[in-house]
Every structure is written in structure tokens, then in C-alpha cells.
Amino acid sequence: MTVRLPDEQSGPARARLLVVVAVPAEAGAVLRGLGGTARRVPLPGGALDRVAHPSGATVDVLAGGVGPGAAAAAAATALTALSASTGDRYRLVVSAGIAGGFAPRAPIGTTVVADAIVAADLGAETPEGFADVTELGFGTVRHTPVPATAALVAGALRTAGVRTLATGAVLTVSTVTGSAGRAAALSARHPDAVAEAMEGFGVAEAAARHGVPAFELRTVSNPVGPRDRTAWRIGEALGALERAFAALPLAALAAPNPARPAPAAEPRTADGPQSHRADPPGPRRTPKEAGRG
């Protein structure tokens, strides 16, 4: 059975962006930021909101559910449906929403621009400590957005007056951190981390399998650490998310054939260059060889 997505645009000028959030409250914030005219489009198992933005970009906003599995399934459904319907594909997939921030790098209210999307708890516990899937030799735990995309977004947000801005790794977890001990352990394993959420890696995995670049943007509602709901500022974070999407250069982000940096300009890890979609799995390493001693 072929899934058909109705489409109000046609021709080579179409510019498409898919934004995947977890819950309707986040979708509402994104849609308010985008403005323009939105209409509901059915998908298998749900629906998305399609916005004809004044910039000329078509932006699809999908509330895919909580956690990496739900996010991956929802993103893959939207990616497949568009390709089956029109033969076209999205130019960029964005994982967005609110998140926990690692203090002091990303306090409450911070807008986070991801330069890496990392599955922080995908792996195995060993007598020497946690070993991620890459160390075990079974795949990747890290997707790297196109550096030019992160720079474009950060620059647009600064120009729009977003003063509290952090760039770094956004960790994807299946269990939200609720203790000082786990927060410290994550910070030690991922010193470049600025936030933790639950969907980014799933969205990036789906995008990678369709050959589409992925990116993550978050706004901080609470500190990563001991679970204290009185410290959460969800309304403030949703307001920041709305302002961030109002400031995004959508036409540039969704344009066909966006400029990509030369390979020499890509960021590097100790194991070599990073891809804009997924870092290739390296040789199996023990935790000691990975630098944890």
C-alpha cells in the first residue's frame, strides 16, 4: 500500500523541513514560532501539521512521542510517506523540544544548538564501567550535524537577540537523569554535553537511513541532576522554543543542495573525522583504551 501525503507545492522550488518533537505542547510552541498557514496532514498512526511559511519553505511539524524508539518510528514514517507520495525528500530533519541542561554550561532558559547528537546510554555495563555500542563494535552512538548548519542557526539566533545560547553535544537518554551521581557520570563521559533529551538520536538514525541531514535544537526547562519538579520551568522553555523557531532562517535551512564544508573542515575526534550523519563504528575498544582508565 502506498501512503499519499497531500502537497500544496510542486516543482523544483519546493523547500522542505521536517521538525520532530515529542509532545503536542512542543509542537504548539514550534507552530506559533513559525507562523504562516498550517493544515493537518494524516500519517499512518497519526498526523503532522504542514506550514506554508512566508519564506517559501514548507515545514512539517510532527509530535512523534517520547523516547528514541517512538521518535525514530515517527520520523521514518514521515520520511517514507513523503518519498512514496511525491518522489521528493526532506532537505533537513530537526529534532526539537525542551530538555534538561548541564549546569553551568546550559542553565534554565538556555537555547541549545547541537553540534553532536549522542546516544548516551546505548551500550553495556561492564566491570570497568559503561561501554557504549561503538566501543562494543556494534554501531554508532554519535551523529554529527553539518557544521555549517549549526553555525547558521547559532548566528541567526544571536542576530535575533537570543542572549542565552549554548552549543555542544545533546545527549539522548532512555531514562531521564534524576540524581547527582548520574549527572556527574554523564558529564565525565561526555564533557562536551550541554543538554539531555530523549528523542534526538532516534530522529537522527531515521534521517541517516534516508540520506537526509539531521539537526537538534533544544531549550532548557530544568537542570540535569536530582529530580526536583519545583525547579522545572516548562513554560519558560516552551516560550524560548517559540522564539527560536521564529528566528530560524528556514529558507536557507530547507533549500535544496545546501552548501557543505569541505572534508578538511569537518570536526575531528581522536578516532578521525566525523560525518554529518553518523560517525562510522571504530574498532572494538575496551573502556581503558577509550580513555576511562
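Going along each chain's sequence as written, the residues are numbered from 1 onward. At least 70 in pLDDT is required for a residue's local features to be given in this predicted model, at least 80 for side-chain atom pairs to be given and counted, and no such filter applies to totals for whole chains, interfaces and linings, which use all residues. Here the side-chain values reflect all heavy atoms present in the structure, with hydrogen atoms and water set aside.

A. The arrangement of the pattern of salt bridges in detail. Any carboxyl oxygen of Asp or Glu that lies within 4 Å of a side-chain nitrogen of Lys or Arg is treated as forming a salt bridge with it. Within the structure shown, the criterion is met by eight salt bridges. A salt bridge links R32 to E242, with the nearest nitrogen and oxygen atoms 3.1 Å apart. With a gap of 210 residues between them, R32 in helix α1 (residues 24-34) and E242 in helix α7 (residues 234-247) connect regions that are remote in the sequence. A salt bridge links D192 to R142; the nearest nitrogen and oxygen atoms lie 3.1 Å apart. Taken together, the residues span a long stretch of sequence, with D192 in the loop between α5 (180-189) and β11 (193-197) and R142 in strand β9 (residues 142-143) at a distance of 50 residues. Type-normalised accessible area, obtained with a 1.4 Å probe on protein chains alone, sets the label of each residue: buried when under 20%, exposed when over 50%, and partly exposed for intermediate values. The exposure class assigned to D192 is partly exposed, which follows from its relative accessible area of 31%. Numbering goes from the N terminus for both helices and strands, where a helix is a DSSP run of H or I of at least four residues and a strand is a run of E of at least two.

B. Local environment of the packing of α1 against α7. Axis definition: a line fitted to C-alpha atoms, over the contacting stretch in the case of helices. Angles run 0 to 180 degrees between N-to-C directions. Look at α1 against α7: their axes get within 7 Å of each other, and the N-to-C directions meet at 35°. Of the two possible hands of crossing, α1 and α7 adopt the one that is right-handed. Contact with α1, carried on its side by A25, E26, A29, V30, R32, G33 and L34, involves L238, L241, E242, F245 and A246 of α7 and no other residues of that element. Helix crossings are classified by the rotation of the near helix relative to the far one: an anticlockwise turn of less than a right angle makes the crossing left-handed, while a clockwise turn makes it right-handed. Two residues form a contact once any of their heavy atoms are found within 4.5 Å.

C. Quick look at the nonpolar core. Core analysis: the largest hydrophobic core is formed by 36 residues, its most contacted members being L18, Y90 and V93. The element that contributes the greatest number of residues to this core is helix α2 (residues 68-86), accounting for seven residues. Discounting residues that sit within four places of it in the chain, Y90 has contacts with R16, L17, L18, L48, R50, D60, A78, L79, L82 and V212. The definition of a nonpolar core used throughout is a set of buried Ala, Val, Leu, Ile, Met, Phe, Trp, Tyr and Cys residues joined through side-chain atoms within 4.5 Å. Of all hydrophobic cores here, the second largest spans 33 residues; its members include V113, A154, F215 and L248.

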